[in-house]
Amino acid sequence: MRRTFSRALVIVVLGLALGLVANTVSPRRVPFIRPPPKAPQPDEMLTLQEAKSIWEGGTAFFLDARAPADYAAGHIASAFNLPAEEFDQHYPEVAPILAPDRPIVVYCNGQECELSHHLADKLRSMGFRNVRILHNGWTVWRTAGLATQTGDQK
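Scoring rules and cut-offs
Residues numbered from 1 in each chain as written. Predicted model: local features only at pLDDT ≥ 70, side-chain atom pairs only at ≥ 80, totals over all residues. Heavy atoms only, no water. Pairing = 2+ DSSP bridges. Helix = DSSP H or I, 4+ residues; strand = E, 2+ residues; numbered from the N terminus. Contact = heavy atoms within 4.5 Å. Salt bridge = Lys/Arg side-chain N within 4 Å of Asp/Glu carboxyl O. Buried < 20%, exposed > 50% of the residue type's maximum accessible area, 1.4 Å probe, protein only. Core = buried A, V, L, I, M, F, W, Y, C linked by side-chain atoms within 4.5 Å.

**With respect to the sheet that holds strand β2 (residues 61–64)**
Right, so step 1: Read from one edge to the other, the open sheet built from 5 strands follows the order β1-β6-β5-β2-β4, with strand pairing classed as parallel. The two strands at the open ends of the sheet, each matched to only one other strand, are β1 (45–46) and β4 (80–81).

What follows is the structure, given as structure tokens:
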């Protein structure tokens, strides 16, 4: 019995060691401790009134960071869908309309939604300088009775 336990312990320790080494050298490394989310800067966020004013001016691109099914169910009028979780797949569809210097407003839905933050970070890393976030965007926009649409983007 003792011998079986010792062998099992050796197998577990070796498995753990190999897993740690593999994780360390992997390009898709899993962090041992997740860093706290970066707090958004005040100038990165928009109020509903600011977003409405920008939308009415027609000079900004509005990007919905939610999944295509959520976008199709309802989105801010004239917004384009660029799902944060499927960025690489959908970016080529939206890239031709984006300009690095024009304002971009990203939004998702819900108090805890971080999709818009992920999308904004990704766009900034690609050189887009004027990216702002409308927190809980879909909910606050719809609740305020502002212009919305349903269906896929054209």
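Further notes follow.
**Focus on the side chain of S116**
Right, so step 1: The topology assignment puts S116 in helix α5 (residues 115–125).
Right, so step 2: With sequence-adjacent residues up to four places away left out, S116 is seen in contact with A65, V106, Y107, C108 and I133.

**With respect to the pattern of salt bridges**
Should their charged atoms come close, side chains of opposite charge can pair.
Right, so step 1: This structure, assessed with the given rule, holds 6 salt bridges.
Right, so step 2: Its salt-bridge partner being R66, residue D64 comes within 2.7 Å of it at the nearest N-O pair. For the residue pair D64 and R66, the accessibility class agrees, reading buried in each case.
Right, so step 3: Taking the shortest distance from any N to any O, the salt bridge between R124 and D121 comes out at 3.4 Å. With a gap of 3 residues between them, R124 and D121 both fall in helix α5, about one helical turn apart.
Right, so step 4: The exposure class assigned to R124 is partly exposed, which follows from its relative accessible area of 23%.

**Examining the pairing of β2**
Right, so step 1: Of the two faces of β2, both are covered, the one formed by F61 and L63 as well as the one formed by F62 and D64.
Right, so step 2: Direction of pairing for β2 relative to strand β5 (residues 104–107): parallel, over a ladder of 4 bridges. Each residue of the ladder has a partner; that of F62, found in β5, is V105.
Right, so step 3: Of the pairings in the sheet, the one linking β2 to β4 comprises 2 bridges and is parallel in character. Following the sheet pairing, L63 is matched in β4 by F80.

**Things to note about the nonpolar core**
Right, so step 1: Of all hydrophobic cores here, the largest spans 20 residues; its most connected members are L63, L82, L98, I104, V106, L119 and L123.
Right, so step 2: The set of elements that each furnish at least two residues to this core consists of β2, α4 (87–94), β5, α5 and β6 (131–134).
Right, so step 3: For this core, the element with the highest residue contribution is α5, accounting for 4 residues.
Right, so step 4: If you look at the next biggest cluster of nonpolar residues, it comprises 12 residues, including A60, I76, A79 and W141.

Honestly, it's all geometry; don't read function into it.
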